[in-house]
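Fold and contact review
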Amino acid sequence: GSLWIGSSAGVVVVLPVARPPLTPRIAGPAFLGYVGHYDGVRYLIRAQSLVRRLIPHQSTAEESVFEEITSQVVISCGKGMEDFRDNDGLRTVDSSYLIVWNYPEES
C-alpha cells in the first residue's frame, strides 16, 4: 500500500507501506511530487477506475478481445500550483487547483 501525505507547504509525499501481520511499516524511499500547491494541501482523494482496451491482434471479426486495466489516481486540491524544481518555473496563486497523479494498481 501507499500512504499519501499532503503538507501545509503544498507538498505531496508518498510513502510505500508494507503490511506485516501486526503493524504497517515504511517499506522504501519516499516520493516527493515535483508539482504541488502554493499553499497547503486541502485534501487528497483516491479513486479507482477500470479501463477496457481492445487487443487487435487477438480479436477476430466474430469476437473482440479486451484487456482490463485497473488504474488508480490520487487527486489533491489546494490554492495555487507550483513547480518545485525551478524557482522561475510555473507558479500560480490566484485560484484553487486540482492535481491528479495516476499510478498502477498495487499487487
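Look above for the structure.
The rules behind each value
Residues numbered from 1 in each chain as written. Predicted model: local features only at pLDDT ≥ 70, side-chain atom pairs only at ≥ 80, totals over all residues. Heavy atoms only, no water. Patch = residues over 30% accessible without salt bridge, like charges linked within 9 Å, V, L, I, M, F, W, Y side chains within 5 Å. Areas by Shrake-Rupley, 256 points an atom, 1.4 Å probe, with all protein chains shown as cover. Salt bridge = Lys/Arg side-chain N within 4 Å of Asp/Glu carboxyl O. Helix = DSSP H or I, 4+ residues; strand = E, 2+ residues; numbered from the N terminus. Pairing = 2+ DSSP bridges.

1. Description of a nonpolar patch on the surface
Taken together, the side chains of Y43, I45 and L98 make up a nonpolar region of the molecular surface, amounting to roughly 290 Å² of accessible area. Here I45 lies in strand β6 (residues 41–54).

2. A word on the pairing of strand β7 (residues 66–83)
Sheet analysis places strand β5 (residues 35–36) next to β7, joined by two bridges and oriented antiparallel. Within the sheet, the bridge partner assigned to V35 lies in β7 and is D83. As defined by bridge partners, β6 adjoins β7 across 13 bridges and the pair is classed as antiparallel. Within β7, the residue paired with L44 across the bridge is S76.

Any functional reading would require information that these geometric values do not contain.
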